[in-house]
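Single-letter residue listing:
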Amino acid sequence: MVLTVEEVRKIASLARIKLSADEEIRHAETISAVLDYMNILNEVDTTDVEPTFQVTGLEDVFREDVAADSGRQALILGQMPQLENNELVVPEVFEE
Amino acid sequence: MNLNELTIVRAAEGLRSKKFTSVELTRTCLDRIKKRNPEVNAFITVCEESALREAKAADEKILKGKSEILTGIPFSVKDAICTRDVRSTGSAKILDNYIPPFDATVIRKIRESGGVLIGKNNCDAFGHGASNENSMYGPVRNPHNLKMVAGGSSGGSAAAVADNMCIFSIAEDTGGSIRQPASLCGVVGLRPSYGRNSRHGIMPMASSLDTVGPITKTVEDAALVMNVIAGRDKMDATTVPELVPDYINEIRNPKSEIRNLRIGLPKEYFDLPGLDSEVRDRTLGAIEKLKKLGCEIVDVSLPHTKYATAVYYIIVPSEDSSNLGRLDGIRYGVRAKARDLYDLYASSRADGFPEEVKRRILIGTYALSAGYYDAYYRKAQQVRTLIRRDFDEVFKKADALITPTSPFTAFAIGEKSSDTLAMYLADVMEIPASLSGMPAITVPAGLSKNNLPIGVQVIGPRLAEGRVMQIGQLITI
């Protein structure tokens, strides 16, 4: 397999996704098959070929950075999973 | 004919001439949803109350003589597109309770012109899939045969239009997510050029590929919707400044111009192993029809076609893994109970994403990680350049290309769901145009022996939406 279960575990940790042992094995198998298929690209000579990151050709699109009142604060706050005095509650970021 | 079976054109005529009201039209759609949705599963959320309220307001607008083309027309929206005050899950449980405080720009335009939002369509979660089996709200069933998939990722939108649960739908297409389900359900689906329509408010999947467009019953309807939604948006910096033409005018070009059209047949699409012979024959039939109308048929080649799917499944998961980082249970959506911050992220994402979303994030995280970036992401973007050059060359010899939309008709639910790679290859005909930013439409071209719809795809050069719609219309009439 191109990708081992240990590697899947490491990537999942980087991507912040908890996986069960079964899922780790399944992802190692299916992702290995996909990565194996990607090898087809090695047939293509891409020496001196510029990568395509976008297709519109637009560059440096600007607009004025002006603050505006959306009038939607209550709606936005209403979507937050845990609120206290209209402030978002999150677990502590720095451990003692 | 029942009101819910009408096209936009006919429904708008009926509303304006006061043959029926928008409330009546909306009720027939809601009745159809009630009757059929338990089986088809095309809707995650139905907005019965607000739809009837919007319909009433539209009727008043019509009475005052202030109606626009979409005023009073019931439409549905893929659930991966944000709708103000209406739950938008993206078909994933992590957003099960999410009610956007804003409308996507294209939705705002339709609602401002009086369109009636009837509900939100099931899809593969965040657009990840080609069969609508990756939804956390169950698969969508094909209205033509309930044992079959509706296609994906916008399966609910295509099924809702095909089954007359709404008059039209708005969906999103990254690699084929409008065209493939539209083809499998026998309706019209337009992927516009990248940058033609605003993506503001569309849950992002692969930012360099995502587009938003209509699924409709006729090509004329698609042109009408494009007239309302196309154009530059200050909230989406990738929208292009070119003026939006009147697409209805464009599809009504005089016959003399049709005679001068050169239609390209890319041989790689017709030589594809696994191309169903009935699909091939129907596509050739559509080409024959265009030839009789006076179009010139030219054989062309897009030599890098076979690499497109590999390129796509590197670029998309890479951009996906970055875009989906925002869904972490912190500011909105469903937050899992957790011991600490890491556990909060990892558990919210574990519970809230289906397997395919996790797989894409893992592939993308791997492809972008140190040591693999050049081998995967950069290499894919270089081959993408060669695929684009193929199209640039071909469009010197042809004004548009005709291909099948999907290599096969709708397949059975469960048939391909355990084979990741086979599912990825389902979009092989649609991915190259996506990678190149070209517009493409699928139009229905009859039924197979098993009574399943077959779709034909028209691909045009950038910003030639009018031309692909015109040719699509010639194939359907």
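Residues numbered from 1 in each chain as written. Chains lettered and ligands numbered in written order. Predicted model: local features only at pLDDT ≥ 70, side-chain atom pairs only at ≥ 80, totals over all residues. Heavy atoms only, no water.

**Student:** Is there a simple way to think about the overall build of chain B in this case?
**Tutor:** If you tally the helices and strands in chain B, you get 18 helices and 13 strands. Here chain B has a C-alpha radius of gyration of 21 Å; the compact-globule value for 477 residues is 23 Å, and the two agree. Projected onto the principal axes, the alpha-carbon positions of chain B cover approximately 70 × 55 × 45 Å. Burial status across chain B gives 66% buried among its 477 residues. Considering only residue pairs separated by 6 or more positions, chain B has 76% of its internal contacts joining residues 24 or more positions apart. Between the centroid of the 62 positive side chains of chain B and the centroid of its 56 negative side chains there is a distance of 2 Å. (Helix = DSSP H or I, 4+ residues; strand = E, 2+ residues; numbered from the N terminus. Rg over C-alpha atoms; globule rule 2.2 N^0.38 Å. Buried < 20%, exposed > 50% of the residue type's maximum accessible area, 1.4 Å probe, protein only. Contact = heavy atoms within 4.5 Å. Lys, Arg positive; Asp, Glu negative; His and termini not counted. Charge placed at Lys NZ, Arg CZ, Asp CG, Glu CD.)

**Student:** Explain the interface of chain B and chain A here, please?
**Tutor:** When the parts come together, some accessible area is lost, and that loss is often what is quoted as the size of the interface. Counting residues at the interface gives 71 residues for chain B, matched by 52 residues for chain A. Both sides together, the interface formed by chain B and chain A hides about 5,400 Å², and carbon and sulfur atoms give 66% of it. Area buried by chain B at its contact with chain A is led by R335(B), L362(B) and Y366(B), which between them contribute 12% of it. Along the contact surface separating chain B from chain A lie 4 salt bridges. Across the pair D343(B) and K18(A) runs a salt bridge, and its minimum N-O distance is 2.8 Å. Connecting chain B to chain A are 22 residue pairs in polar contact (both at pLDDT 80 or more). (Buried area = accessible area lost by both parts, 1.4 Å probe. Salt bridge = Lys/Arg side-chain N within 4 Å of Asp/Glu carboxyl O. Polar contact = N/O pair within 3.5 Å; in protein donor to acceptor, adjacent residues only side chain to side chain.)

**Student:** Would you mind showing me how to read the packing of helix α7 (residues 219–229) of chain B against helix α18 (residues 465–476) of chain B here?
**Tutor:** Helix-helix packing is characterised by the crossing angle of the two axes and by the distance between the axes. Residue and element names in this part refer to chain B. Put simply, α7 and α18 touch, their axes get as near as 9 Å, and they point 160 degrees apart. Considering their axes alone, α7 and α18 lie roughly antiparallel with respect to each other. For the pair α7 and α18, contact is made by V219, E220, A222, A223 and M226 and by E465, M469, G472, Q473 and T476, respectively. Its residues assigned to classes, the contact of α7 with α18 comprises 5 nonpolar, 3 polar and 2 charged. (Axes fitted to C-alpha atoms, helices over the stretch in contact; angles between N-to-C directions. Parallel < 35°, antiparallel > 145°, perpendicular 65-115°, else oblique. Nonpolar A, V, L, I, M, F, W, Y, C, P; charged D, E, K, R; others polar.)

**Student:** Any chance you could explain the environment of T21(B) here in plain terms?
**Tutor:** All names here are of chain B. Here T21 is to be found in the loop between α1 (8–16) and α2 (22–40). Distance from T21 to D276, taken between C-alpha atoms, is 44 Å for residues 255 residues apart in sequence. Ignoring any residue separated from it by four or fewer positions in sequence, one finds T21 in contact with L15 and D59.

**Student:** Help me understand helix α14 (residues 355–367) of chain B in this model?
**Tutor:** For the α-helix, the turn length of 3.6 residues means that residues three or four positions removed from each other point alike. Between its terminal C-alpha atoms α14(B) stretches 18 Å, which fits the 18 Å expected from 13 residues at 1.5 Å a residue. By the criterion of burial, α14(B) is predominantly enclosed, with 12 of the 13 residues buried. Of the positions making up α14(B), those classed as buried are E356(B), V357(B), K358(B), R359(B), R360(B), I361(B), L362(B), I363(B), G364(B), T365(B), Y366(B) and A367(B). The inward-facing, buried residues of α14(B) abut α1 (5–14) and α2 (21–38) of chain A together with α12 (308–323), α13 (341–352), α15 (374–397) and α16 (420–424) of chain B. (Expected span 1.5 Å × (residues − 1).)

**Student:** When you look at helix α4 (residues 105–112) of chain B in this model, what are you seeing that I'm missing?
**Tutor:** Residues and elements named next belong to chain B. Along α4, the residues that are buried comprise T105, V106, I107 and I110. On the buried face of α4, the contacting elements are β2 (74–78), β6 (168–173), β8 (211–216) and α7. Downstream of α4 by a residue or two, G114 has a phi angle that is positive, lying close to 100 degrees.

**Student:** Honestly, the sheet that holds β2(B) in this entry has me stumped. Any pointers?
**Tutor:** To summarise the sheet geometry, strands pair through backbone hydrogen bonds and adopt either a parallel or an antiparallel arrangement. All names here are of chain B. Taken in spatial order, the 11 strands make up an open sheet running β1-β3-β2-β6-β8-β7-β12-β13-β11-β9-β10, and their pairing is mixed. Sheet topology places β1 (43–46) and β10 (296–300) at the edges, where each strand pairs with a single neighbour. The mean inter-strand angle of the sheet, taken between neighbouring strand axes irrespective of direction, is 30 degrees. Of the strand pairs in this sheet, strand β9 (residues 262–266) and β10 are connected by 5 bridges, and their pairing is parallel. Each bridged residue has a counterpart across the sheet, and for G264 the counterpart in β10 is V298. (Pairing = 2+ DSSP bridges.)

**Student:** Would you mind showing me how to read the environment of P354(B) here?
**Tutor:** By secondary structure assignment, the location of P354(B) is in the loop between α13 and α14. Leave out the neighbours within four places in its chain, and P354(B) touches A92(B), A125(B), N134(B) and M136(B).

**Student:** Teacher, can you tell me more about a nonpolar patch on the surface here?
**Tutor:** Where nonpolar side chains cluster on the molecular surface, the patch consists of F53(A), L368(B) and Y373(B) and spans about 250 Å² of accessible area. Tracing the backbone shows F53(A) in the loop between α2 and α3 (73–78). (Patch = residues over 30% accessible without salt bridge, like charges linked within 9 Å, V, L, I, M, F, W, Y side chains within 5 Å. Areas by Shrake-Rupley, 256 points an atom, 1.4 Å probe, with all protein chains shown as cover.)

**Student:** Explain the pairing of strand β7 (residues 188–191) of chain B here, please?
**Tutor:** Looking along a regular strand, one sees side chains alternate from face to face of the sheet. Residue and element names in this part refer to chain B. Side chains V188 and L190 of β7 all project onto a buried face; the interleaved residues G189 and R191 project onto the opposite face, where all are buried too. Where β7 meets β8, 2 bridges bridge the pair, whose relative direction is antiparallel. Bridge pairing links G189 to I215 in β8. As defined by bridge partners, β7 adjoins strand β12 (residues 440–447) across 3 bridges and the pair is classed as antiparallel. What sits directly across from L190, in β12, is I441.

**Student:** Hey, could you run me through the packing of aromatic side chains in this one?
**Tutor:** To describe a pair of aromatic rings, one takes the distance between the centres and the angle between the planes. All names here are of chain B. Throughout the structure, instances matching the rule amount to 12 aromatic pairs over all chains. With a centroid separation of 3.8 Å and 0 degrees between ring planes, the pair formed by Y313 and Y424 is classed as stacked. Placement of Y313 in helix α12 and of Y424 in helix α16 is noted, with a sequence separation of 111 residues between them. With a relative accessible area of 3%, Y424 lands in the buried category. (Phe/Tyr/Trp six-rings, centres within 6.5 Å; stacked < 30°, edge-to-face > 60°.)

**Student:** Could you clarify how one ought to interpret the pattern of salt bridges in this entry?
**Tutor:** Should their charged atoms come close, side chains of opposite charge can pair. Residue and element names in this part refer to chain B. One pass over the full model with this rule turns up 29 salt bridges over all chains. The closest approach of N and O atoms between R32 and D163, which form a salt bridge, is 3.1 Å. Here R32, found in helix α2, pairs with D163, found in the loop between α5 (155–162) and β6; they are 131 residues apart in sequence, far enough to count as distant. With a relative accessible area of 23%, R32 lands in the partly exposed category. Of the charged contacts, one joins D399 and R262 as a salt bridge, the two residues approaching to 3.2 Å between their closest N and O atoms. On the criterion of sequence distance, the pair formed by D399 in the loop between α15 and β11 (400–404) and R262 in strand β9 is long-range, its members being 137 residues apart. Judged by its relative accessible area of 14%, D399 is buried.

**Student:** Teacher, can you tell me more about the pairing of β2(B) here?
**Tutor:** Residue and element names in this part refer to chain B. Counted residue by residue, β2 has 5 buried out of 5 residues, so it is predominantly covered. Pairing analysis gives 5 bridges linking β2 to strand β3 (residues 116–121), with the strands arranged parallel. Across the sheet, the residue bridging to V77 is K120, located in β3. Handedness of the crossover joining β2 and β3 through α4 is recorded here as right-handed. Relative to β6, β2 runs parallel, the two sharing 3 bridges. Bridge pairing links S76 to S169 in β6. (Right-handed = clockwise from strand over helix to strand, strands pointing away.)

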